[in-house]
Amino acid sequence: MKRVFSGVQPTGSLHLGNYLGAIRNFVRLQEEGNESLYCVVDMHAITVWQDPAELAANTREVTAAFLAAGLDAERNIIFNQSQVAAHAELAWIFNCVARIGWLNRMTQFKEKAGKNRENASVGLYVYPNLMAADILVYKATHVPVGDDQKQHLELCRDIAQKFNNDFGAEVFPLVEPLIRDHAARIMSLRDGTKKMSKSDPSDQSRISMNDGADAIASKIRRARTDPEPVPDGTPAGGTRETRPEAFNLLEIYAALADATLAEVQAEHGGKLFSEFKQALTDLAVARLGPIGEEMKRLQADPAHIDSVLASGAERARAIAAPVLDEVFRTVGFLRP
Ligand code: AMP
Ligand code: TRP
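Residues numbered from 1 in each chain as written. Chains lettered and ligands numbered in written order. Predicted model: local features only at pLDDT ≥ 70, side-chain atom pairs only at ≥ 80, totals over all residues. Heavy atoms only, no water.

## Examining the overall build of the chain
The secondary structure content of the chain amounts to 14 helices and five strands. Computed over C-alpha atoms, the radius of gyration of the chain comes to 21 Å, within 12% of the 20 Å expected from 2.2 N^0.38 for 336 residues, which places it in the range of a compact globule. Counting only residues that meet the buried cut, the chain has 51% of its 336 residues in that class. Long-range contacts, defined as pairs at least 24 residues apart, comprise 75% of the intrachain contacts of the chain with a sequence gap of at least 6. Across the chain, 38 positive and 44 negative side-chain charges occur, with their mean positions spaced 3 Å apart. (Helix = DSSP H or I, 4+ residues; strand = E, 2+ residues; numbered from the N terminus. Rg over C-alpha atoms; globule rule 2.2 N^0.38 Å. Buried < 20%, exposed > 50% of the residue type's maximum accessible area, 1.4 Å probe, protein only. Contact = heavy atoms within 4.5 Å. Lys, Arg positive; Asp, Glu negative; His and termini not counted. Charge placed at Lys NZ, Arg CZ, Asp CG, Glu CD.)

Pasting the structure below:
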């Protein structure tokens, strides 16, 4: 059986990269009829400082985004991580399985810790172990994520394999990443070499899932491009490497239109960017507008969101409990 798990951090406004790289794919997997768990990873969020009131609001916002994008809370299990203690319990075991050398290679830690590594939280360092626990406590087999999570999923496989080898038991499956080539890495609107990110100080760098039509229009209008016309697929049109901003806008268009890059180039190649940006604005407003509206409607009723999370957590605990029990017995912990 295919069991899908994915997580999103409640650390700020969700953006087009989160939507196209991750959340939209969750909705597609639901159409395939998979048993899936989607988790708002509040315990990962606090590996860097979070204001408590904002953390709570952001947890509800991510939940609202899941629902507004089309995830059904009956057919899927939607919950926040801290309500299911099994994640933290398995993470401790994994802290004792993963090697320091493995964690030292994690590029996300290096990026997030920055220059002052001594001052980063210990939680940030062992973040990938908790992520492996999120997935493996449900024996999940498939994990839809954006490209930036590839290395963490490789570590998850290493942990599963080492655990199985060390204890001579086939407890954990080897997880498959589900990374679509398309839109796996949406770049900043201000700098085509940086990924679109919640933590970018410039709000102009990203389109938020709940931006209104005016905000979307002004961000796309001001998005960085170059003086050349829209790439048309010929060598003269350049490449992703030579024209990262131009190709990023084309890829956003293709992802929103559910078209290939070649199709978009056939339609828009050679046009002036001012004209293409207008078409992109119309498309983005048509796709994101209804989701943003629905998010607002849902967020006006926090009690409903909290009840979705509570019942999701209850269902998640029921799946995790026997797995954790098996792991503890395998390790040699006494159980009643
Ligand atoms: P995060 O916001 O880091 O919790 O990411 C949530 C999900 O969105 C993960 O699956 C990420 O890989 C994905 N994601 C984040 N930023 C981008 C981006 N710029 N392009 C594509 N996917 C992204
Ligand atoms: N690390 C992921 C991110 O930053 C979020 C995450 C936490 C996750 N646990 C997970 C993603 C488990 C997939 C599966 O995007």
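## Concerning unusual backbone geometry
Its identity is not glycine, yet Lys 139 carries a phi of approximately 45 degrees, on the positive side. Lys 139 gets classed as partly exposed once you look at its relative accessible area, which sits at 26%. One non-glycine residue, Asp 258, lies in positive phi territory at about 60 degrees. You can see Asp 258 is positioned in the loop between helix 11 (244–257) and helix 12 (261–268).

## A few points about the domain arrangement of the chain
Once the domains are mapped, the chain shows domain 1 (3–185 + 302–331) and domain 2 (210–297). Listed by partner, the interface residues are 12 residues for domain 1 and 12 residues for domain 2. Carbon and sulfur atoms make up 66% of the surface buried where domain 1 meets domain 2, a total of about 1100 Å² over both sides. For the domain 1 face of the interface with domain 2, the top three residues by lost area are Leu 16, Ala 68 and His 182, together amounting to 39%. Between domain 1 and domain 2 we count one salt bridge in total. Among the salt bridges present, the one from Arg 28 reaches Asp 258, with a minimum N-O distance of 3.1 Å. (Domains from an automatic or database assignment. Buried area = accessible area lost by both parts, 1.4 Å probe. Salt bridge = Lys/Arg side-chain N within 4 Å of Asp/Glu carboxyl O.)

## Re the pattern of salt bridges
Throughout the structure, instances matching the rule amount to 20 salt bridges. As a salt-bridge pair, Arg 240 and Glu 251 come within 2.3 Å of each other at their nearest N and O atoms. Taken together, the positions of Arg 240 in the loop between helix 10 (213–222) and helix 11 and Glu 251 in helix 11 put the pair 11 residues apart, joining distant regions of the chain.

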